[in-house]
Protein chains: 2
Amino acid sequence: MKLGSLGEDLLLDQIARDLPRADNRKIFAGVGDDCAIVQMADAQNLVVLKTDCVVEGVHFLRKAKALHVGWKAMMRPLSDFAAASAVPRFALITLIAPQKTDVAWIRELYRGLRKSADHFDVSIVGGETSSTPGPIAVSVSVIGFVERNRAASRRGGKPGDALFVTGRLGGAVRQKHLKFVPRIVESRWLTKNFFIHAMMDLSDGLGADLPRLAHASKVGFNIDVENLPVARGADVSAAISEGEDYELLFAISPRNGIHLARAWRREFPKLSLTRIGSLSQKSKSEKRKLPLGYIHFQQPL
Amino acid sequence: MKLGSLGEDLLLDQIARDLPRADNRKIFAGVGDDCAIVQMADAQNLVVLKTDCVVEGVHFLRKAKALHVGWKAMMRPLSDFAAASAVPRFALITLIAPQKTDVAWIRELYRGLRKSADHFDVSIVGGETSSTPGPIAVSVSVIGFVERNRAASRRGGKPGDALFVTGRLGGAVRQKHLKFVPRIVESRWLTKNFFIHAMMDLSDGLGADLPRLAHASKVGFNIDVENLPVARGADVSAAISEGEDYELLFAISPRNGIHLARAWRREFPKLSLTRIGSLSQKSKSEKRKLPLGYIHFQQPL
């Protein structure tokens, strides 16, 4: 059946069947109401908000499995929660799809959205659908919280800080980009046990993202290119410029680096953590944007 | 200049210039950070969430002024805040636009988004941009709060309740749909002074929306079609089925109706409030969806 012949009300009915009920004690109004009305976990904490989207032909191809598209659409903003060391709680979905879209495809999409949300105990509490003459787009907004003293951001990196990345970089565009698990558990552990100066998730590739962290922290950086943790089947160039890694990049005081590496191995024996370089004084010759290719990937140019 | 030649980082820089800074005392991280991190006004209240979108060719035409498109994109979810009698606080914007989009158009769009957000003291704290091979789409997510005893929803209407609508219905598709002001002030006044059993905003037309309120409240309804407040230049059919009115529809105990009408005239002398009918016991012959045409617009069929 096509979306156009089902209609929005019935689609929402079908989708809502599998979503948490509005009489859940934390959800006072949800799917099917004008707004979602929720109780936040802990009122003393800061509220964390993130929206992101995936677009057919840009972030996924028509032939991609709907389940994977839903997974990715939810996990992308959740990766930003990892960057902030925040706990996600509720999500809103905006689905923009042509009338001719198969309802079965949309149900699979929502199964992927639910599966990924469930993975981190996130409740989908509302959303909106719209028709379009163009490609399918799925926008996901997530709200959650973070303790005041654990909120991480791109700002706060200091000259001399050690730079670490989780996991291995490159090659994600083949498979991982549709199946990745954001580093929320790891990020929460980091801020519980260490003072993280600055942190972000790598979505556009180290070569594009690291300069953003440096820019936000008003510092420069030096990378030991030979020590980059390159994924199997990828090369250094891919590790720097391909993107879609969804690993964590963070800066920490260098005197904590050794203790961190040891504690990490005990806590996450299957996930590598690599010191890739350090932050430095901002060079006067620094350019606003670095080229993405790894040959140019050093400061000062 | 085209979006494709400017790039996302520079676009965000340009947009961010006019948005509130992350060092605002309520905004700990904002535009340019991975997540927005904010402090909510009053931690005892419930958190209210809403997302909505406008799509080129569906909600606006290419020839529409970008300023108006931005206004509408923000005001649509804010109208849902009116429905919930909630106070909006923060907004996230997702912009999906082709590389060939004029940057000047996008700046006008954001001017409209900011102008409408400012109207209700809402801070735009983050967002995302994506390219697309298709039409422009703007998705806006809003977060705010509502006091526990003032949260309104579609549920809660009782047989015998008086049904009221604000303003006049029909004809909005000509101009009003790009310039309307959601009834947040009126809705906040209503729940401060009266016990509102059920409420929603009219976006798809009374003929589509009233059955949704009745369905959610598990009641039927009777409408006095001759008394509908029809906008100048529109007819009863348009008032019922055109949509985009963004007026409030609400149910209240009939014994409060007369007092309400009098108090309303004092408070909002320029905005009409009309009793259009009442809720009733749910008829067994009730159909799931009513036809939209006004001839069929009565229960039981």
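Remember, it's a predicted structure, so these values are computed and weren't measured experimentally.

### A look at the domain arrangement of chain A
All names here are of chain A.
Point 1. Taken domain by domain, chain A holds domain 1 (3–148) and domain 2 (162–296).
Point 2. In this complex, domain 1 contributes 13 residues to the contact, which on the side of domain 2 involves 17 residues.
Point 3. Partitioned by chemical class, the residues of the side of domain 1 that touches domain 2 number eight nonpolar, three polar and two charged.

### Concerning the nonpolar core
Point 1. Among the nonpolar cores identified, the biggest contains 168 residues, and Ala91 and Val138 of chain A together with Val138 and Leu249 of chain B are the most heavily contacted of them.
Point 2. Not counting residues within four places of it along the chain, the set of residues in contact with Leu249 of chain B comprises Leu163, Val165, Met199, Met200, Leu202, Leu206, Asp209, Leu210 and Leu213 of chain B.

### Let's talk about unusual backbone geometry
Point 1. Of note in the backbone geometry, Asp121 of chain A takes a positive phi value of approximately 60 degrees without being a glycine.
Point 2. The residue Asp121 of chain A is located in the loop between helix H4 (103–119) and strand E5 (123–130) in this model.

### Focus: the sheet that holds strand E8 (residues 196–202) of chain A
Residue and element names in this part refer to chain A.
Point 1. Sheet architecture is open: five strands sit in the order E8-E10-E7-E11-E9, paired in antiparallel fashion. This sheet does not close on itself; its edge strands, each paired only once, are E8 and strand E9 (220–223). With strand direction ignored, the average angle separating the axes of adjacent strands in the sheet is 30 degrees.
Point 2. Where E9 lies against strand E11 (residues 273–280), four bridges are found, and the strand directions are antiparallel. Paired with Phe221 across the strands is Leu279, a residue of E11.
Point 3. Helix H5 (residues 184–193) rests against strand E7 (162–166), E8 and strand E10 (247–252) of the sheet, and its axis sits at about 10 degrees to E10.

### Focus: the pairing of strand E5 (residues 123–130) of chain B
Residue and element names in this part refer to chain B.
Point 1. Across the eight residues of E5, six count as buried, placing the element largely inside the fold.
Point 2. Summarising the sheet, strand E4 (residues 87–96) and E5 pair through seven bridges and their orientation is parallel. Looking at E5, one finds that Thr94 is bridged to Glu128.

### Brief notes about the sheet that holds strand E8 (residues 196–202) of chain B
Residues and elements named next belong to chain B.
Point 1. Taken in spatial order, the five strands make up an open sheet running E8-E10-E7-E11-E9, and their pairing is antiparallel. Two strands in the sheet have a free side with no partner beyond their single neighbour: E8 and strand E9 (220–223). The average undirected angle you get between the axes of adjacent strands in this sheet is 30 degrees.
Point 2. Note that strand E7 (residues 162–166) and strand E11 (residues 273–280) share five bridges and pair antiparallel. Across the sheet, the residue bridging to Leu163 is Gly277, located in E11.

### Quick word on helix H4 (residues 103–119) of chain B
Residues and elements named next belong to chain B.
Point 1. In a regular helix each residue adds 1.5 Å, so 17 residues correspond to 24 Å; H4 covers 24 Å between its end C-alpha atoms and thus fits that length.
Point 2. Buried residues of H4: Ile106, Leu109, Tyr110, Gly112, Leu113, Arg114, Ser116 and Ala117, and no others.
Point 3. Among the residues trailing H4, Asp121 stands out with phi positive, at a value near 60 degrees.

### A look at the pairing of E8 of chain B
All names here are of chain B.
Point 1. Counting buried positions over the seven residues of E8 gives seven, a clear majority of the element.
Point 2. Two strands pair when backbone bridges link them, and E8 and strand E10 (residues 247–252) are joined in this way by six bridges, in the antiparallel orientation. Considered in E10, the bridge of Leu202 is made with Glu247.

What counts, and at which threshold
- Residues numbered from 1 in each chain as written.
- Chains lettered and ligands numbered in written order.
- Predicted model: local features only at pLDDT ≥ 70, side-chain atom pairs only at ≥ 80, totals over all residues.
- Domains from an automatic or database assignment.
- Contact = placed C-beta atoms within 7 Å.
- Nonpolar A, V, L, I, M, F, W, Y, C, P; charged D, E, K, R; others polar.
- Core = buried A, V, L, I, M, F, W, Y, C linked by C-beta atoms within 7 Å.
- Buried ≥ 20, exposed ≤ 12 C-beta atoms within 10 Å, placed from the backbone.
- Helix = DSSP H or I, 4+ residues; strand = E, 2+ residues; numbered from the N terminus.
- Pairing = 2+ DSSP bridges.
- Axes fitted to C-alpha atoms, helices over the stretch in contact; angles between N-to-C directions.
- Expected span 1.5 Å × (residues − 1).

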